[in-house]
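Tertiary structure, described
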Amino acid sequence: MNANNDRYVVGVDFGTLSGRAVVVRVSDGAEVGTAVHEYAHRVIEERLPGSAVRLGPDWALQSPEDWRQVLRVAVPGAVAAAGISPSKVIGLGTDFTACTVLPATADGTPLCEVDGLAERPHAWPKLWKHHAAQPHADRINAVAARRKETWLSRYGGKISAEWAFAKGLQVLEEDPEVYGRAERWIEAADWIVWQLTGVETRNVCAAGYKAIHTGGGYPSAEFLAELNPAFTGFTAKLGQELSPLGGLAGRLDARAAAWTGLPEGIAISVGNVDAHVTAAAADAVRPGQMVAIMGTSTCHIMPSDALAEVPGMCGVVRDGIVPGLWGYEAGQSGVGDIFGWFVETSVPGSYEREAERRGLTVHEHLTELAAAQRVGQHGLVALDWHNGNRSVLVDHDLSAVIVGQTLATRPEDTYRALIEATAFGARVIVETFEDSGVPVTEFVAAGGLIKNRFLMQVYADVLRRPISVIGSEQGCALGSAIHAAVAAGAYPDITAASAAMGRRAEAVHLPDAGRADAYDRLYADYRRLHDHFADGEMLHGLRALRNEASTSKEQGGRVTGLPRVMGAAG
Ligand SMILES: Nc1ncnc2c1ncn2[C@@H]1O[C@H](COP(=O)(O)OP(=O)(O)O)[C@@H](O)[C@H]1O
Ligand SMILES: O=C(CO)[C@@H](O)[C@@H](O)COP(=O)(O)O
């Protein structure tokens, strides 16, 4: 092929901590340049930026300006790294974490950027892992179950606290003025496309999974009125017309052309969710191909030609991954985040020094030590609920449990038990799909955790099945680039574009029968533990106590000062 005729697309992935742009060749999906921009405010969890206003437990916000900065920095950075002329770029596509959602005015201005509202927590975008709307989700679920709302089964029987209605109801009930000022309640996935094109669109994926749009519309006004009479008009703030994945949302406008350095007028594809877009990058858009995007959290995405009710799934949406098929989603709210938490809070300095001496990260050092053990040698089993449970229990007020620790337990034992716990959580999800009549024919791993070969092997052994691996380290951004190629007209549809531009290696990690048998025993213990704590009786109580104690003044404050030494002269 004549390189001078090469055309390119840019994919931009807006993650939890950073945004990444990748420049991709349209003909074969080669990634020719990439750049990452870390959000200045990362995740806003304690206080609002530049303000003394503190946030409550389980809050997680983000800054829209951090997202714009990705367009200004990472996109031109990726084009420069690719060493191509921007005039060769024919389209740009984006994906976002979800449900990351914000209140905005009718012209798309985020309310946190409106005069006088910057110090109002509810004016800020709520990140997907904002879990403070659990009581609102509980009410949504109770009212929907009582009214026998038909849409509930499409969402595995429960709406998550992470999704758009729970977060919107929280705004209404905790800051009605901000709620009233919000003319739009919009996914960041669609807001960023609005910033790029000047055109407001709503993608079928986010609306379907996160905003209870079942194809026929949103939940009824009567249902919303039962939650709160003032919530009746909520759906007017959402999108009324939905745009198909791979569709053309609009064209890069002059302002965004100046930000990105790309030619004004190039195709901008309809917004998408990070997990779902990755299926295209792995060329895994056929029925039964389950793609697990394993990073901070894990999302499980699977197209199917069958519509079924899968308990505890996040949702099944027509055209939700690729047009023409049902798209299923399930998920684990904490995976890499759990290992990250452990490394940050529970590893002695001697381990850090040894890792440094060996030129490894602490993760790599612990992984090596853990990998030297036989299955079950640590005597532990854990529940992976440090960030609640998305599937199959749909309860973010659950928390983690580790059983079996002794005075001989070493950090690598616990690290291994945590890796295994997330693999067991994945097995619960796969089994629930298969038990519900939705076969999983191939398990494809994507995301940052695929680099940990030991972890991948644990998953193959625990799941008792081969694991295929995506052929890109930036699956989300590559998937967005593939969607951009479709929107620009370079391919007729996502399936054709995925076949040409996406890639995966099949059956890279194979299960070992001996280890798989040993894991079956541990998995049985995991299931017992899972079912024992699933009702939340104890874990909800502990969380309530934590929340009360952290806000209460009644205990007379913390005890300070050192105890007097027994027997010391005083
Ligand atoms: N060697 C490792 N093994 C297991 N987990 C790791 C390792 N290195 C980093 N992590 C975890 O991986 C997560 C980051 O995954 P990544 O896919 O890069 O992020 P994201 O989900 O935000 O896209 C972090 O939560 C971190 O704690
Ligand atoms: O929930 C979804 C997608 O539905 C994800 O956006 C969310 O879990 C965040 O994903 P990451 O862990 O940041 O990759």
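Since the model is a prediction, treat every value here as computed from it, not as a measurement.

Observations concerning the sheet that holds strand 11 (residues 315–318)
Taken in spatial order, the 7 strands make up an open sheet running 11-12-10-9-15-16-17, and their pairing is mixed. Only two strands of the sheet have a single neighbouring strand rather than two, namely strand 11 and strand 17 (504–509). Averaged over all pairs of adjacent strands, the angle between strand axes in this sheet comes to 25°, irrespective of strand direction. Summarising the sheet, strand 16 (residues 467–470) and strand 17 pair through 3 bridges and their orientation is antiparallel. The residue of strand 17 that forms the bridge with Ile 470 is Arg 504. Against the sheet, helix 13 (residues 411–435) engages strand 9 (289–294), strand 10 (298–304), strand 12 (326–332) and strand 15 (442–446), with an angle of about 150° to strand 12.

Section: the environment of Ser 297
By the secondary structure assignment, Ser 297 is in the loop between strand 9 and strand 10. As for Ser 297 and Leu 398, which are separated by 101 residues in sequence, their C-alpha atoms are 16 Å apart. Setting aside chain neighbours within four positions, we find Ser 297 in contact with Trp 128, Gln 332, Ser 333, Gly 334 and Val 335.

Some points on the sheet that holds strand 1 (residues 8–14)
Pairing is mixed in the open sheet, where 6 strands are placed in the order 3-2-1-4-8-7. Each edge of the open sheet is held by one strand with a lone partner, namely strand 3 (31–38) and strand 7 (248–251). Shown here is a sheet whose adjacent strand axes are inclined to one another by a mean of 20°, direction ignored. Two strands pair when backbone bridges link them, and strand 4 (residues 89–96) and strand 8 (residues 267–269) are joined in this way by 2 bridges, in the parallel orientation. Within strand 8, the position partnered with Leu 92 by the bridge is Ile 268. On top of the sheet, helix 1 (residues 64–82) reaches strand 1, strand 2 (18–25), strand 3 and strand 4; it is set at about 150° to strand 3, its chief contact. Against the sheet, helix 15 (residues 475–487) engages strand 1, strand 2, strand 3, strand 4, strand 7 and strand 8, with an angle of about 135° to strand 1.

Points about the state of the cysteines
All told, the structure shown has 0 disulfides when counted by the stated rule. There is no disulfide at Cys 299, and the cysteine sulfur nearest it, in Cys 314, is 6.8 Å away. Given the relative accessible area of 10%, Cys 299 is considered buried. Not engaged in a disulfide, the cysteine Cys 476 finds its nearest cysteine sulfur in Cys 299; these two sulfurs lie 9.0 Å apart.

Let's talk about the domain arrangement of the chain
Interface size is often expressed as the accessible area that is lost when the parts come together. You can read the domains of the chain as domain 1 (3–280 + 474–506) and domain 2 (336–470 + 512–518). Relative placement of domain 1 and domain 2: their C-alpha centres are 29 Å apart. Taken together, the contact pairs 16 residues of domain 1 with 14 residues of domain 2. Summing the contributions of domain 1 and of domain 2, the shared interface buries around 1,300 Å²; its carbon and sulfur component is 49%. Summed over the three residues of domain 1 that lose the most area to domain 2, namely His 131, Gln 134 and Arg 504, the buried surface amounts to 35% of that side. With its nearest N and O atoms 2.8 Å apart, the salt bridge here joins Arg 390 to Glu 162. The interface formed by domain 1 and domain 2 holds 9 residue pairs in polar contact (both at pLDDT 80 or more) in total. The element best represented in the side of domain 1 that touches domain 2 is strand 17, accounting for 3 residues. Across the side of domain 1 that touches domain 2, the residue classes break down as 5 nonpolar, 5 polar and 6 charged.

Regarding the side chain of Glu 420
Assignment of secondary structure puts Glu 420 in helix 13. In terms of polar contacts, Glu 420 uses its side chain to reach the side chain of Arg 416, at 2.8 Å.

Structural notes on the site of ligand 2
In the region of ligand 2, the neighbouring residues are Thr 16, Thr 97, Ala 98, Trp 128, Lys 210, Val 273, Asp 274, Thr 296, Ser 297, Cys 299, Glu 329 and Arg 390. Contacts to ligand 2 include Thr 296, whose side-chain N or O atom sits 3.1 Å from an oxygen atom. Protein chains shield 93% of the accessible area of ligand 2, which is 370 Å² for the free molecule. Its residues assigned to classes, the shell around ligand 2 shows 4 nonpolar, 4 polar and 4 charged.

Points about the UniProt feature "domain: Carbohydrate kinase FGGY N-terminal" (unreviewed entry) in the chain
Feature annotation in UniProt assigns "domain: Carbohydrate kinase FGGY N-terminal" (unreviewed entry) to the following positions: residues 8–279. End-to-end, the C-alpha atoms of residues 8–279 are 20 Å apart, and along that stretch the chain is 32% helix and 17% strand.

Details of the pairing of strand 5 (residues 101–104)
Covered by surrounding structure in strand 5 are Val 101 and Pro 103 together with Leu 102 and Ala 104, the residues of both alternating faces. The sheet contact formed by strand 5 and strand 6 (residues 184–187) spans 4 bridges and is antiparallel. Counted as the bridge partner of Val 101 is Glu 187 from strand 6.

Focus: the site of ligand 1
In the vicinity of ligand 1, the contacting residues are Gly 295, Thr 296, Gly 336, Asp 337, Phe 339, Gly 340, His 363, Tyr 415, Gly 448, Leu 449 and Asn 452. Taking Gly 448, its main chain carries an N or O atom lying 2.9 Å from an oxygen atom of ligand 1. Looking at the shell around ligand 1 element by element, the count peaks at 4 residues for helix 10 (residues 336–345).

Some remarks on the packing of aromatic side chains
Counted by the stated rule, this structure contains 18 aromatic pairs. Here the aromatic residues Phe 165, Tyr 179, Trp 185, Phe 231 and Phe 234 are joined through ring pairs into a cluster of three or more. Sitting above the plane of the Trp 259 ring, Arg 72 keeps its charged end 5.2 Å from the centroid. Between the NZ or CZ atom of Lys 237 and the centre of the ring of Tyr 179, over which it lies, the distance is 4.3 Å.

Parameters and conventions
Within each chain, residues carry numbers counting from 1 in the order of the written sequence. Chains carry letters and ligands carry numbers; both start at the beginning, A for chains and 1 for ligands, and go up in the order they are written. Local features in this predicted model are restricted to residues whose pLDDT is 70 or higher, and side-chain atom pairs enter the listing and the counts only when it is 80 or higher, whereas totals over whole chains, interfaces and linings include all residues. Only hydrogens and water are set aside when side-chain values are computed; all heavy atoms of the structure are taken into account. Whether two strands pair depends on DSSP finding at least two bridges between them. Secondary structure elements follow DSSP: runs of H or I of four or more residues count as helices, runs of E of two or more count as strands, with numbering from the N terminus. Every angle, taken between N-to-C directions, lies between 0 and 180 degrees, and every axis is a line fitted to C-alpha atoms, over only the stretch in contact when it is a helix. Residues are treated as being in contact if the distance between any of their heavy atoms lies within 4.5 Å. Throughout, disulfides are identified as pairs of cysteine sulfur atoms within 2.5 Å of each other. Classification of residues uses two cut-offs on accessible area relative to the type maximum, computed with a 1.4 Å probe and protein chains only: under 20% is buried, over 50% is exposed, and between them is partly exposed. Domain segmentation is taken from an automatic or database assignment of domains. Buried area is calculated as the accessible area (1.4 Å probe) missing from two parts once they are joined, with the contributions of both summed. Any carboxyl oxygen of Asp or Glu that lies within 4 Å of a side-chain nitrogen of Lys or Arg is treated as forming a salt bridge with it. Pairing of N or O atoms within 3.5 Å defines a polar contact, subject to two protein rules: one partner must be a possible hydrogen donor and the other a possible acceptor, and residues neighboring in sequence count only if both atoms are side-chain atoms. Residues are sorted three ways: Asp, Glu, Lys and Arg are charged, Ala, Val, Leu, Ile, Met, Phe, Trp, Tyr, Cys and Pro are nonpolar, and all the rest, Gly among them, are polar. In these notes, residues near a molecule or strand are those with any non-hydrogen atom within 4 Å of it. For the area figures, the Shrake-Rupley method with a 1.4 Å probe applies, and any residue is considered shielded solely by the protein chains shown. UniProt positions are given in the numbering used here, feature names are shortened, and annotations may be inferred rather than shown by experiment. Between 30 and 60 degrees the pair is tilted, below 30 it is stacked and above 60 it is edge-to-face, where a pair is any two Phe, Tyr or Trp rings, Trp via its six-membered ring, whose centres lie within 6.5 Å. By definition, being over a ring means that NZ of Lys or CZ of Arg is both within 6 Å of the ring centre and within 35 degrees of the ring normal.

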